[in-house]
Amino acid sequence: QVQLVESGGGLVQAGGSLSLSCAASGSILSTNIMGWYRQAPGKQRELIATITSGGSTNYADSVKGRFTISRDNGKRTVYLLMNSLKPEDTAVYYCNADLIPFGGVRLISYWGQGTQVTVSS
């Protein structure tokens, strides 16, 4: 069974930094795009950043220049380094991975359980 397990997050003051990680585990044939989303109270889930298996990245304008996404393909882990955090970054952060489970032929999208990031002013 495939799982995405997140770690990191917590409470930080505005201007501070936090790091998130998300590891895919289970019987996995291959992992394609991995990414991070967030959902603030009363708002829709939004895409923050994605990274391909080749390392190409894409960022939402709201985090560009402050957040950095990276991955370790050997560990099937994606990271999100968040700098210069603002109160409006407060949300539950979710990792996502498009991957092919062992024995499968199609990409399936999996989600982590979510981790709370709170930025105080």
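For clarity, every value in this text was computed on a predicted model and none was experimentally measured.

## Brief notes about the overall build of the protein
Step number 1: A count of helical and extended segments in the protein gives zero helices and eleven strands.
Step number 2: Reading the helices (α) and strands (β) of the protein from amino to carboxyl end gives β-β-β-β-β-β-β-β-β-β-β.
Step number 3: Relative to the 2.2 N^0.38 estimate, which gives 14 Å for 121 residues, the radius of gyration of the protein is 14 Å and therefore close to what a compact globule would have.
Step number 4: Dimensions of the protein, computed from C-alpha atoms along their principal axes, come out at roughly 50 × 25 × 25 Å.
Step number 5: Within the protein, the fraction of its 121 residues that count as buried is 40%.

## Some remarks on the state of the cysteines
Step number 1: Summed over the entire model, instances satisfying the criterion amount to one disulfide.
Step number 2: Shown here is the disulfide that connects Cys 22 with Cys 95, its sulfur atoms set 2.0 Å apart. Between Cys 22 and Cys 95, the S-S dihedral sits near 40°, and the bridge is therefore right-handed. Here Cys 22, found in strand β3 (residues 18-25), pairs with Cys 95, found in strand β9 (residues 91-101); they are 73 residues apart in sequence, far enough to count as distant. Across this residue pair, the class does not change: Cys 22 and Cys 95 are buried.

## A look at the environment of Ile 48
Step number 1: Within the secondary structure, Ile 48 is located in strand β5 (residues 46-51).
Step number 2: Given a relative accessible area of 1%, Ile 48 falls into the buried group.
Step number 3: Sequence separation of Ile 48 and Trp 36 is twelve residues, and the distance between their C-alpha atoms is 5.6 Å.
Step number 4: When neighbours within four sequence positions are excluded, Ile 48 is seen to be in contact with Trp 36, Tyr 37, Arg 38, Asn 58, Tyr 59, Ala 60, Val 63, Phe 67 and Tyr 93.

## With respect to the nonpolar core
Step number 1: Ranked by size, the top nonpolar core spans 31 residues in total, and within it Trp 36, Phe 67, Ile 69, Val 78, Leu 80, Met 82 and Tyr 93 carry the most contacts.
Step number 2: The element that contributes the greatest number of residues to this core is β9, accounting for five residues.
Step number 3: If we skip the residues at most four places from it in the chain, Ile 69 touches Met 34, Gly 35, Trp 36, Ala 49, Thr 50, Ile 51, Thr 57, Tyr 59, Val 78, Tyr 79 and Leu 80.

## Brief notes about the packing of aromatic side chains
Step number 1: A full pass over the atoms with the stated rule returns one aromatic pair.
Step number 2: Between the aromatic rings of Tyr 37 and Trp 111, the centroid separation amounts to 4.9 Å while the plane-to-plane angle is 65°, which identifies the pairing as edge-to-face. With Tyr 37 in strand β4 (residues 28-39) and Trp 111 in strand β10 (residues 108-111), this residue pair connects regions lying 74 residues apart in the sequence.
Step number 3: The class of Tyr 37 is partly exposed, set by a relative accessible area of 21%.
Step number 4: Arg 45 extends its terminal NZ or CZ atom over the ring of Tyr 94, reaching a point 3.7 Å from the ring centre.
Step number 5: Note that Arg 45 overlies the ring of Trp 111, its terminal NZ or CZ placed 4.7 Å from the centroid.

## Quick word on the environment of Leu 85
Step number 1: Among the secondary structure elements, Leu 85 is positioned in the loop between β8 (77-82) and β9.
Step number 2: Setting aside residues no more than four positions away along its own chain, Leu 85 makes contact with Val 12, Ala 14, Gly 15, Gly 16, Ser 17, Leu 18, Arg 66, Phe 67 and Val 119.

The rules behind these values
- Residues numbered from 1 in each chain as written.
- Predicted model: local features only at pLDDT ≥ 70, side-chain atom pairs only at ≥ 80, totals over all residues.
- Heavy atoms only, no water.
- Helix = DSSP H or I, 4+ residues; strand = E, 2+ residues; numbered from the N terminus.
- Rg over C-alpha atoms; globule rule 2.2 N^0.38 Å.
- Buried < 20%, exposed > 50% of the residue type's maximum accessible area, 1.4 Å probe, protein only.
- Disulfide = S-S within 2.5 Å.
- Contact = heavy atoms within 4.5 Å.
- Core = buried A, V, L, I, M, F, W, Y, C linked by side-chain atoms within 4.5 Å.
- Phe/Tyr/Trp six-rings, centres within 6.5 Å; stacked < 30°, edge-to-face > 60°.
- Lys NZ or Arg CZ within 6 Å of the ring centre and 35° of its normal.

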